[in-house]
Amino acid sequence: ARSGHPEKRALPACRSPESLPGLLTVCLLLPTCASKAGPAFKPNILLIMADDLGIGDLGCYGNDTLRTPNIDRLAEEGVRLTQHLAAAPVCTPSRAAFLTGRHALRSGMDATHGYRVLRWNGGSGGLPQNETTFARILQRQGYATGLIGKWHQGVNCESRTDHCHHPLNHGFDYFYGMPFTLVSECHPGWPPQVAVALGGRLWLSTQMMALGVLTVAAGKTLGLISVPWKFVWGAASLVLLFFGSWFASLGFVRRWNCILMRNHDVVEQPMALESTARLLSGEALSFIQRHKPGPFLLFVSLLHVHVPLMTTKEFQGKSQHGLYGDNVEEMDGLVGDILNAIEEHGLKNTTLTYFTSDHGGHLEAIDGHVQLGGWNGIYRGGKGMGGWEGGIRVPGIFRWPGVLPAGRVIQEPTSLMDIFPTVVQLGGGQVPQDRVIDGRSLVPLLQGEAEHSAHEFLFHYCGEHLHAARWHDKDSGRLWKVHYVTPRLHPEGAGACYGHGLCPCSGPGVTHHDPPLLFDLSGDPSEAQPLAPGSEPLYGAVLARVEQAVREHRRTLSPVPPQLSPGRIAWKPWLQPCCGHFPFCSCSQDPALREA
């Protein structure tokens, strides 16, 4: 089949290939074309998610110095959302909410003890088995489902091979990619990241335990404490063992975290980052080739543009913004390869394509004076900040020629959690009725059948803490934003928490506002001018209405086992995915695959 024309396959009687786009629209809108199972036609669904991409990095969102022609073309041919919002400002909880349509707190996938993301492949935390992803529902509807790229939702629970959190246990038929996420250790030339983040805490714990042992030893020597010397030496040995274990393990970060898997098998450990992008692209194109008769769901979860910004020679030095700009432009090239494959296989008109990022750009990612993180446009803040727009406002682009209008721009509040019910509806499934689903189907809004978003209120968390809430007053058209907690930026007057990996969610690094800060995003999207009772007549009424909505929202939350607790975050050797002999796990891709 030629580009732009659907494959020759069994079609419902209500359509023919020539009139497919128009009839698809009719079928989606008329009740007679749909049953309880959903629409008569099931489109292919292609979801592409970047990692740490700033909304201001794309041409279609106002950037005129970075070249992103493929993503810009996607926006020209489809619908672009300008107020698309992540449910969390860091990777693990944002992706959990995206996959399930639920705030990450509902599945235990957000911070309750200060840990905000999964730290090791060998931890026991992850997306619980009782959570339902859109992949699982579409799998039951006859879709071939695949995930290529980053997962970061856990692997094992009790043994190295139980794979309880693995993508194949959450509705995906095929997985190729990183079960974890990129960290600086994945590139041997970059300074360590995990060692810095964890080493300080572990060293402090070691010092405290050593001080305790020395105190007991001193008490024993002076006759103040009556304990056997065997106990003192045993405690000292345990402290030494604890220190030796964590200190040695930090040297294995790359080998244990930077791995590639195909389905249940580790195929590269540690991964050769310089060729990973090409391998992932090839796997995506191969999946499309294998499943072009459809219907298929393909989730391409890119490693770009997360540090350490491994960029192939083809794109190095090509952009105006250094290594980060090079990485963005390479990412756009990868997206272009996938879009070209869709068109070459004649699937463009029968495929819903979606592009986004998991949260805002990482402002604190710097090397001296060189910026290694993204640009969030006019929006304040960035990755890690649960309230400020720069941490949660992300690109949102949909394309389905003939069904969705080309070049349309929607300025209504929408969420990454909305992808769950949208995909489920288009795939002919049913949204679960036994749990709270926070997302709302975007189909009516995208097609122009609804004037406003289904969201009146949206709630913005940083870990377990509610930092902000927004109210879309549809009668007046005004969009209010209330901040209860904001991070204390460092140094004072800066736009991020420089000197720290990310801004904190709680503790001395945040400010609690009483009364809360109030902004009118309708006229102040940069959140530059907080309102006051003297400047805004509706000040008190807005705060009261939002507070009522917050109370109602909190009544829907139920306690669940925390997946990011210290016990689940901790590295456990018996859970570590490994090929070869533990702990010196080692294997590499078939050289023929790397040279292909």
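Residues numbered from 1 in each chain as written. Predicted model: local features only at pLDDT ≥ 70, side-chain atom pairs only at ≥ 80, totals over all residues. Heavy atoms only, no water.

The following threshold applies: UniProt positions are given in the numbering used here, feature names are shortened, and annotations may be inferred rather than shown by experiment.
The protein chain appears in an unreviewed UniProt entry as Arylsulfatase D from Sus scrofa. Turning to the protein chain, the UniProt record has this under Cofactor (unreviewed entry): "Ca(2+)". Check the Sequence similarities (unreviewed entry) section of the UniProt entry for the protein chain; it says "Belongs to the sulfatase family."

### Quick look at the environment of lysine 42
The line we're drawing: In DSSP terms, a helix is any run of H or I states spanning at least four residues, a strand is any run of E spanning at least two, and both are numbered starting from the N terminus. Note on classification: 1.4 Å probe, protein chains only; a residue is buried when its accessible area is under 20% of the maximum for its type, exposed when over 50%, partly exposed between these limits. Any N or O atom pair separated by 3.5 Å or less is treated as a polar contact, with the protein-specific requirement of one donor-capable and one acceptor-capable atom, and with residues adjacent in sequence counted only for side-chain atom pairs.
Considering the arrangement of structural elements, one finds lysine 42 in the loop between β2 (38-39) and β3 (44-50). With relative accessibility at 25%, the residue lysine 42 sits in the partly exposed group. Between the C-alpha atoms of lysine 42 and threonine 351, which are 309 residues apart in sequence, the distance is 9.1 Å. There is a polar contact of 2.8 Å between the side chain of lysine 42 and the backbone oxygen of glutamine 141.

### Notes on the nonpolar core
Convention followed: In this text, buried Ala, Val, Leu, Ile, Met, Phe, Trp, Tyr and Cys residues form a nonpolar core when linked through side-chain atoms within 4.5 Å. Residues are treated as being in contact if the distance between any of their heavy atoms lies within 4.5 Å.
Formed by 60 residues in total, the largest nonpolar core has its most connected members in Leu53, Leu298, Met331 and Phe355. Among the secondary structure elements, those contributing two or more residues to this core are β3, α2 (69-76), β5 (144-150), β6 (174-178), α7 (253-257), α8 (273-290), β9 (296-301) and α9 (322-344). Sequence-distant contacts of phenylalanine 355, that is, excluding residues within four places in its chain, are made with Ile48, Ala50, Leu53, Leu58, Ile71, Leu74, Met331, Val335, Pro395, Gly396 and Ile397.

### Re the environment of valine 443
Within the secondary structure, valine 443 sits in helix α12 (residues 443-447). Each C-alpha atom of the pair valine 443 and proline 421 lies 9.2 Å from the other, and the pair is 22 residues apart in sequence. With near-sequence residues (within four places) excluded, valine 443 lies in contact with Thr422, Gln425 and Leu426.

### Here's the deal with the pairing of strand β8 (residues 265-268)
For the record, the criterion: Should DSSP find at least two bridges between two strands, the strands are taken to pair.
Where strand β7 (residues 260-262) meets β8, three bridges bridge the pair, whose relative direction is antiparallel. When the sheet's bridge partners are listed, leucine 260 is paired in β8 with glutamate 268. If you look at the hairpin formed by β7 and β8, you'll find two residues sitting between the two strands, and asparagine 263 has a positive phi there, around 55°.

### Focus on the state of the cysteines
Note the threshold: Two cysteine sulfurs form what is called a disulfide whenever their separation falls within 2.5 Å.
Counted by the stated rule, this structure contains six disulfides. Here cysteine 462 pairs with cysteine 505 through a disulfide, and the sulfurs are 2.0 Å apart. Classification of the bridge connecting cysteine 462 and cysteine 505 rests on its S-S torsion, roughly -70°, and on that basis the disulfide is left-handed. Of this pair, cysteine 462 sits in strand β16 (residues 457-462) while cysteine 505 sits in the loop between β18 (478-487) and β19 (510-520), and the two are 43 residues apart along the sequence. Under the relative-accessibility criterion, cysteine 462 is labelled buried at 1%. Since its relative accessible area comes to 9%, cysteine 505 is described here as buried. There is a disulfide in this structure between cysteine 497 and cysteine 503, and the S-S distance comes to 1.9 Å.

### Some remarks on the side chain of glutamate 389
Residue placement: glutamate 389 occurs in helix α10 (residues 389-392). Side-chain polar atoms of glutamate 389 contact the side chain of lysine 481, separated by 2.7 Å. Beyond its immediate sequence surroundings of up to four residues, glutamate 389 is in contact with Leu85, Tyr379, Arg380, Arg470, Lys481, Leu521, Pro525 and Glu527.

### Some remarks on the pattern of salt bridges
Note the threshold: By salt bridge we mean one thing: a side-chain nitrogen of Lys or Arg within 4 Å of a carboxyl oxygen of Asp or Glu.
Overall, the coordinates contain 21 salt bridges when judged by the stated rule. Between arginine 73 and glutamate 343 there is a salt bridge, with the nearest N and O atoms lying 2.9 Å from each other. Note that arginine 73 is positioned in helix α2 and glutamate 343 in helix α9, a separation of 270 residues in sequence. When the shortest N-O distance is used, the salt bridge between arginine 478 and aspartate 520 registers 2.9 Å. Here the residue arginine 478 occupies a position in strand β18, and aspartate 520 occupies one in strand β19, the gap between them amounting to 42 residues. One continuous salt-bridge network, built from bridges that share partners, spans Arg73, Glu77, Glu343, Lys348 and Arg399.

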